[in-house]
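Descriptive structure summary
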Amino acid sequence: MHKYFWNLLNNAFNDEIELEQRVIKGIKNVVGQFYNEQEMAKMSHTLVYLPALEQSLTKEEIILCALNMGNAGNLDRLHLSDEQIAQIKAQLTKKDWDMVRAIWVYLDSFWPAIKKLEEEVTGIEPEQVEPLPVETPFGTYRGGYFPIKYDPGKSGEAFRHDEQLNALYKESPAAYAATRHGHTKQRARSVERPLNLRWNTLTAHLVNVTHDLTHRKAIIDANRFLKHKEVRQAIENAIGVKGYRTLEKSLISIASDQGESINFGDKAFRWLRSRTTLRLMGMNLRVALLQVSGFFHTMDEIGVIPTMRGMMTAMSNPQGTWDFVKERSVFMRDRALTFDRDIYDMSRRMFKNNKGLQNFAFSMIGFMDMVVSVPTWVEAYKIGLSKFQDETQAVEYADGVIRRTQGTGAIKDLAFAQRGNEMKRIITMFYSFGNVLYNRFWLAKKTAERQWTVGERQQAVQTIARATFYNWILPGMFEFILREALRNEDNDDLDEILKRFGISMVSWPLQAVPIIRDIGQYLINKAFGMYTTFRISPIESTVESMGKVVDKARKIIQGDGEWLDFAEGIGEAAGFYKGVPQQVNTWVFN
């Protein structure tokens, strides 16, 4: 199963991360020759009125029109008259046209790999879009390919088309799971739908191409293996029909993990999710130190002595240990990008003007994750080498131990509840750790059931006891001690401390189930007599904080408020809008 299914997908994901980072760097270098990130962001707000169109276009839309003039198919879909095209061209400088040409050339660089993949998979040589020379005041530009994407916000038909595409890859039977590769298909001659004239047309296409090149063959092979009659029967015998269905859904989700068209609501929720992630997790000392509790999962997986040995190895030579790990494991080399779903999602945005702050904000959490992951990987690698006597299998085993004990944000490793539209992602924010916890409890339960069935009842009890101790008792106590150590309030009343301890221990395992974790936390707090507010998502606390700014302003106007409180609220609201962690505001005002 691991060799013919998971290893195929793991290797494809590792290849995708490497290619994706090269693509992000490549497109930024291409565009960066002409405009910096701030100037790129400003383009979406700079309006120019064009009399021939009887409307205003942003600088972004004008440049996207130019990019769509590079071949006959795209030009036809712009539905513009010669006069309108001339007015659009007149708004562009030589620097703009040089950037357009550079983007055409960059997109064309993917063609050899796309062509090779299409021939290997289908046996048919795809036709490349012919460039159309473009006459400008600065000379003739060769033209080139640019992806066609329709605007769901301006066309009901386009919206339904994108919804059907997304549904096809999320809900269709696994037999049809294959990554979308519309960039190689011949396009219809005339479609009466407005084009999407935003940069996300380009970025979504690059994500699509990257995912296609690295995953399409792996998806086809994994799907062929999964639907084999004997394989299916073996899987259903081991984990049941529901388990098999889960694998099918996982394969479909992996196939569709690429740039999708999203409506205005999804865009708004994505923005809120990314800002809330920065606000609450960025520079958060408690969340960073909590990563250390991952050692308890490692102890459960490979044993206490090997875990301690790995820690000693890493502490005695940190740089040498890290060099040893990254030379052997692509997965570990890029782990700082993928250890959490919400952070991974943010790392994939190509045109972001706060990437430096974002990287710094999450650096502490990423560092502490590596403090646990590197020692775990080293010792797991040694165990794998002893077990398999093979370097490749040892690396795969060590990578698997990290996925099972520390988790990742990759789509293939997420729970079904974490996949899907932005609403589902909002409800499951910060659930990557909970997913690990659920999987460890589930695996322990399945192992104990098998042991009990074959008469190994003492071993079954030990399995459950071990899982409870390392995945509940120890990390729950660690989290309580950490929270108490970082408390700002000087409340040493023993009854209050015991209440907080009880809440921490009882609520710990509930993290394993989305929604239940939120409902359970609320009910447990109430049961222990502690004040609490019910929230289904961290975004609610963010919205409440923004609402308090209005209340503080009202009090200032009425003469009852404190200017310092109001200033702190304004700072928090401004920081949220600009993507500044809440911790920075706390440092400034406290």
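This brings us to the overall build of the protein chain. Counting its secondary structure elements, the protein chain contains 28 helices and four strands. Looking at the protein chain as a whole, 49% of its 590 residues are labelled buried. With the model as given, the accessible surface of the protein chain reaches about 29,200 Å², and the carbon-plus-sulfur share is 57%.

Together, Tyr438, Trp442, Leu443, Val513 and Ile516 give the surface a local cluster of nonpolar side chains, amounting to about 420 Å² of exposed area. Examining the composition of the nonpolar patch, we find that three residues originate from one element, helix H22 (residues 432–453), more than from any other. In this fold, tryptophan 442 is placed in helix H22.

With that settled, the discussion passes to the confidence of the model for the protein chain. The share of residues in the protein chain with pLDDT of 70 or more is 88%, and the mean pLDDT across the chain is 86. When the criterion is pLDDT under 50, residues 155–181 qualifies, and its contacts beyond four places in sequence or with other chains add up to 56 contacts.

Looking now at the packing of aromatic side chains. Per the counting criterion, the structure on display carries 15 aromatic pairs. Seen in terms of ring centroids, phenylalanine 5 and tryptophan 6 are 4.9 Å apart; in terms of plane orientation they differ by 85 degrees. Their pairing is edge-to-face. Exposure class is identical for phenylalanine 5 and tryptophan 6. Each is buried. Measuring from centroid to centroid gives 5.1 Å for phenylalanine 469 and tyrosine 470, while their planes differ by 75 degrees, and the two rings are edge-to-face. Taken together, the ring pairs connect Trp271, Phe576 and Tyr577 into an aromatic cluster. Directly above the aromatic system of tyrosine 35 lies the positively charged group of lysine 95, at a separation of 4.3 Å from the ring centroid. Of note, arginine 403 hangs over the ring of phenylalanine 331, and the distance from its end group to the ring centre comes to 4.3 Å.

Turning our eyes to something else, we now look at helix H20 (residues 391–405). In a regular helix each residue adds 1.5 Å, so 15 residues correspond to 21 Å; H20 covers 21 Å between its end C-alpha atoms and thus fits that length. Restricting attention to buried positions, one finds in H20 the residues Ala394, Val395, Tyr397, Ala398, Asp399, Gly400, Val401, Ile402, Arg403 and Thr405. In this structure aspartate 390 caps H20, since a side-chain oxygen of it lies 3.2 Å from the backbone nitrogen of threonine 392. Two residues or fewer after H20 comes glycine 407, characterised by a positive phi angle close to 80 degrees.

This paragraph deals with the pattern of salt bridges. What the rule picks out here adds up to 37 salt bridges. In this structure, the salt-bridge partner of arginine 216 is aspartate 212, at a minimum N-O distance of 2.7 Å. Of this pair, arginine 216 and aspartate 212 both sit in helix H9 (residues 200–226), four residues apart, which is roughly one turn of the helix. This pair shows no difference in class: arginine 216 is buried, exactly as aspartate 212 is. Bridged by salt links that share partners, the residues Asp300, Glu301, Arg404, Arg440 and Arg466 form one connected network.

So, about the packing of helix H3 (residues 59–67) against helix H6 (residues 94–108). Running from N to C, H3 and H6 point in directions that differ by 55 degrees, and their axes come no closer than 10 Å. Overall, the two elements H3 and H6 adopt an arrangement that is oblique. With respect to the hand of their crossing, H3 and H6 are arranged in right-handed fashion. Residues Lys59, Ile63, Ala66 and Leu67 of H3 lie in contact with H6, whose contacting residues are Asp96, Trp97, Met99, Val100, Ile103 and Trp104.

Before going further, it helps to spend a moment on the packing of helix H13 (residues 294–302) against H22. Relative to each other, H13 and H22 sit at 25 degrees, their axes nearing to 12 Å. Between H13 and H22, the angle falls in the class roughly parallel. Viewed along their axes, H13 and H22 form a crossing whose handedness is left-handed. Only Phe433, Val436, Leu437 and Arg440 of H22 make contact with H13, whose side of the interface consists of His297, Asp300 and Glu301. Looking at the contact of H13 with H22, its residues break down into three nonpolar, one polar and three charged.

The next thing to look at is the environment of methionine 370. By the secondary structure assignment, methionine 370 is in helix H19 (residues 355–388). Linking methionine 370 and valine 292, residues 78 residues apart in sequence, is a C-alpha distance of 9.6 Å. Ignoring sequence-local partners within four residues, the contact set of methionine 370 consists of Trp322, Met332, Arg335 and Pro375.

So, on to H3. Because each turn of an α-helix spans 3.6 residues, side chains separated by three or four positions end up pointing in the same direction. Burial of H3 is extensive: nine of the nine residues sit out of reach of the surface. The complete set of buried residues in H3 reads Lys59, Glu60, Glu61, Ile62, Ile63, Leu64, Cys65, Ala66 and Leu67. Against strand S1 (47–50), strand S2 (55–58), helix H4 (72–78), helix H5 (82–90) and H6 lie the buried residues of H3.

Before going further, it helps to examine the pairing of S2. Examined bridge by bridge, S1 and S2 share four bridges and lie antiparallel to one another. When the sheet's bridge partners are listed, leucine 50 is paired in S2 with glutamine 55. In sequence, S1 turns back onto S2 through a hairpin of four residues, with glutamate 54 there showing a positive phi of about 55 degrees.

With 44 residues, the main nonpolar core has Leu67, Met99, Ile103 and Trp199 as its most contacted residues. Of all the secondary-structure elements, those providing two or more residues to this core are helix H1 (2–32), H3, H5, H6, helix H7 (111–122) and H9. It is H6 that provides the largest number of residues to this core, a total of eight residues.

Let us look at the environment of tyrosine 577. Note that tyrosine 577 resides in helix H27 (residues 563–578). Apart from the residues lying within four places of it in its own chain, the contact partners of tyrosine 577 are Trp271 and Arg275.

Let us now look at unusual backbone geometry. The backbone of glutamate 54 shows a phi angle near 55 degrees, a positive value even though the residue is not glycine. Examined against the element boundaries, glutamate 54 turns out to sit in the loop between S1 and S2. For phenylalanine 430, which is not a glycine, the phi torsion comes out positive at approximately 60 degrees.

When you line up the elements, asparagine 284 lands in the loop between helix H11 (264–281) and helix H12 (285–290). Taking relative accessible area as the criterion, asparagine 284 reaches 19% and is therefore assigned buried. A distance of 2.9 Å separates a polar atom in the side chain of asparagine 284 from the backbone oxygen of leucine 280. When sequence neighbours within four positions are dropped, the list of residues in contact with asparagine 284 reads Met364 and Ile365.

What counts, and at which threshold
- Residues numbered from 1 in each chain as written.
- Predicted model: local features only at pLDDT ≥ 70, side-chain atom pairs only at ≥ 80, totals over all residues.
- Heavy atoms only, no water.
- Helix = DSSP H or I, 4+ residues; strand = E, 2+ residues; numbered from the N terminus.
- Buried < 20%, exposed > 50% of the residue type's maximum accessible area, 1.4 Å probe, protein only.
- Areas by Shrake-Rupley, 256 points an atom, 1.4 Å probe, with all protein chains shown as cover.
- Patch = residues over 30% accessible without salt bridge, like charges linked within 9 Å, V, L, I, M, F, W, Y side chains within 5 Å.
- Salt bridge = Lys/Arg side-chain N within 4 Å of Asp/Glu carboxyl O.
- pLDDT = per-residue confidence, 0-100.
- Contact = heavy atoms within 4.5 Å.
- Phe/Tyr/Trp six-rings, centres within 6.5 Å; stacked < 30°, edge-to-face > 60°.
- Lys NZ or Arg CZ within 6 Å of the ring centre and 35° of its normal.
- Expected span 1.5 Å × (residues − 1).
- Polar contact = N/O pair within 3.5 Å; in protein donor to acceptor, adjacent residues only side chain to side chain.
- Axes fitted to C-alpha atoms, helices over the stretch in contact; angles between N-to-C directions.
- Parallel < 35°, antiparallel > 145°, perpendicular 65-115°, else oblique.
- Left-handed = near helix turned anticlockwise from the far one by under 90°.
- Nonpolar A, V, L, I, M, F, W, Y, C, P; charged D, E, K, R; others polar.
- Pairing = 2+ DSSP bridges.
- Core = buried A, V, L, I, M, F, W, Y, C linked by side-chain atoms within 4.5 Å.

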